[in-house]
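What follows is the residue order along each chain.
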Amino acid sequence: MNLIYEPWPWYVAGPLIALTMFILLYVGKQFGLSSNLRTLCSASGAGKASDFFKFNWKEERWNLIVMIGAVIGGFIASQFMSNNTVEIAPSVVETLNGYGIYSAGEAYMPTEIFSNEALSNPLNWLLLITGGFLVGFGARYAGGCTSGHAISGLSNLQLPSLIAVIGFFAGGLIMIHFIYPLIFIS
């Protein structure tokens, strides 16, 4: 069981990802989580409101199985196969403490933002809703999500995916070094 509890080294995880991508490419499928949400919306009848969701979702129902598996697997892993902490560098903990995030290294998600008490703060709701909208808009604008571009698109040697991944990293760096401190420094 210790093999399951610990992170896998790159030389095991990398080839497993490559094998998965080879199988998906061989059967003519692409991997990405934002396409799962599109399939779910289409299956729920969103095609009546928007042409974007008008497609034969039954051909893509395997996406729904991936999404359900990710949710169930994440729940099982977090509840039964981990100690619910994340090992992060002491310098990152110190930086986050400066932002008022004192649960760094003690929980998966900062309890200062994601606890029941924190959700009673309207500012946190505004941040979560705005962030969710921006992530959703960005995934659609970029033609896919980070997993779709970084795993599936790059393995297909697609130039738009390389550009998108560079944009994801640049956006993340801008967020954490410039915008995040403005939001959380009191």
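The model shown is predicted, which means the values in this text are computed figures rather than measured ones.

Reading the values: the criteria
- Residues numbered from 1 in each chain as written.
- Predicted model: local features only at pLDDT ≥ 70, side-chain atom pairs only at ≥ 80, totals over all residues.
- Heavy atoms only, no water.
- Helix = DSSP H or I, 4+ residues; strand = E, 2+ residues; numbered from the N terminus.
- Buried < 20%, exposed > 50% of the residue type's maximum accessible area, 1.4 Å probe, protein only.
- Contact = heavy atoms within 4.5 Å.
- Patch = residues over 30% accessible without salt bridge, like charges linked within 9 Å, V, L, I, M, F, W, Y side chains within 5 Å.
- Areas by Shrake-Rupley, 256 points an atom, 1.4 Å probe, with all protein chains shown as cover.
- Salt bridge = Lys/Arg side-chain N within 4 Å of Asp/Glu carboxyl O.

**A short note on the overall build of the chain**
Okay, step 1: Check the secondary structure of the chain and you find 9 helices and 0 strands.
Okay, step 2: Along its sequence from the N terminus, the chain presents helices and strands in the succession α-α-α-α-α-α-α-α-α.
Okay, step 3: Overall, the chain is about 50 × 45 × 35 Å in size when its C-alpha atoms are taken along their principal axes.
Okay, step 4: The 186 residues of the chain split such that 21% are buried.
Okay, step 5: Long-range pairs, those at least 24 residues apart, make up 47% of the contacts in the chain with a sequence separation of at least 6.

**What to know about the environment of Met175**
Okay, step 1: Along the polypeptide, Met175 turns up in helix α9 (residues 159–184).
Okay, step 2: Overall, the relative accessible area of 33% leaves Met175 in the partly exposed class.
Okay, step 3: What Met175 contacts, discounting residues up to four positions off in sequence, is Tyr180, Pro181 and Ile183.

**Regarding a nonpolar patch on the surface**
Okay, step 1: Together, Leu3, Ile4, Trp8, Trp10, Tyr11, Val12, Leu16, Leu19, Phe22, Ile23, Tyr26 and Val27 make up a nonpolar patch on the protein surface, roughly 1,400 Å² of accessible area in all.
Okay, step 2: Breaking the nonpolar patch down by element, the ones donating at least two residues are α1 (2–5) and α2 (10–26).
Okay, step 3: The dominant element in the nonpolar patch, judged by the number of residues it contributes, is α2, at 8 residues.
Okay, step 4: With respect to the secondary-structure elements, Trp8 resides in the loop between α1 and α2.
Okay, step 5: Residue Trp8 is classed as partly exposed on the basis of its relative accessible area of 44%.

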